[in-house]
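Each chain, written out:
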Amino acid sequence: MNRIPVLLTLLALAAPAQALRLIVWDPELRDVLGSGETSGGRMTVQLLQGYVGPVKLVFSRDEDEKARGLYNGVQSGYNGLIKDGQLTLDTPGSDVTLTKFLSGLKLSVQVQPATQILELPGLRSAPDKNKEKEKGKPNSPKTPGGQ
């Protein structure tokens, strides 16, 4: 019977570190352009290839992380920019790369390309403007004076 508290303590100590999560949105919060999660001392981030422009970054921690004081310096949201595959955050005082920002939390970053806009359950994507233009085009070119 004395073993149960010891086993529970060992299990609690052996539990993996909690994950800090990141979602990168377009400025209108319609499409997810990237996401990331920590595992150990590294955050693996997938970013949509070819996107250049402003973004909104949303970080989340679970209640256990908050209670333990993990990642206290992280706000829930930041404005940012993706340019040349580099993600930059607008932080109070200056703009910093995601790598530099997370190094302050003792996390390294691994960026992987995402091949398409990521989808979350229940998220509606904005209509594709190119497909809408295609709908309005006739299938065959009209000849002058013809039908």
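Structure: see above.
This section reports on the structure supplied with the text. Bear in mind that the values here come from a model prediction, so they are computed numbers and not experimental data.

**Looking at the pattern of salt bridges**
This model, assessed by the stated rule, comprises two salt bridges. With a shortest N-O distance of 4.0 Å, arginine 30 and aspartate 26 are connected by a salt bridge. Its relative accessible area of 38% is what places arginine 30 among the partly exposed residues. Judged by relative accessible area, aspartate 26 falls into the buried class, the value being 6%. In this structure, the salt-bridge partner of glutamate 28 is arginine 30, at a minimum N-O distance of 3.4 Å. By relative accessible area, glutamate 28 is classed as partly exposed at 49%. Linked through salt bridges whose partners overlap, the residues forming this network are Asp26, Glu28 and Arg30.

**Description of the packing of aromatic side chains**
What the rule picks out here adds up to three aromatic pairs. An angle of 90° between the planes, with centres 5.9 Å apart, marks the rings of phenylalanine 59 and tyrosine 78 as edge-to-face. Remark: tyrosine 78 occurs in strand β5 (residues 77–83) and phenylalanine 59 occurs in strand β4 (residues 53–60); sequence separation between them is 19 residues. Exposure remark for phenylalanine 59: the relative accessible area of 4% places this residue in the buried category. The class of tyrosine 78 is buried, set by a relative accessible area of 5%. Both rings, one in tyrosine 78 and one in phenylalanine 101, keep their centres 5.3 Å apart while their planes meet at 70°; by these two values the pair is edge-to-face. Residue tyrosine 78 is found in strand β5, and its partner phenylalanine 101 is found in helix α3 (residues 98–103); the two are separated by 23 residues along the sequence. Its relative accessible area of 15% is what places phenylalanine 101 among the buried residues. One aromatic cluster is present, formed by Phe59, Tyr78 and Phe101 through successive ring pairs.

Here is what the cut-offs are and how they apply
- Residues numbered from 1 in each chain as written.
- Predicted model: local features only at pLDDT ≥ 70, side-chain atom pairs only at ≥ 80, totals over all residues.
- Heavy atoms only, no water.
- Salt bridge = Lys/Arg side-chain N within 4 Å of Asp/Glu carboxyl O.
- Buried < 20%, exposed > 50% of the residue type's maximum accessible area, 1.4 Å probe, protein only.
- Phe/Tyr/Trp six-rings, centres within 6.5 Å; stacked < 30°, edge-to-face > 60°.
- Helix = DSSP H or I, 4+ residues; strand = E, 2+ residues; numbered from the N terminus.

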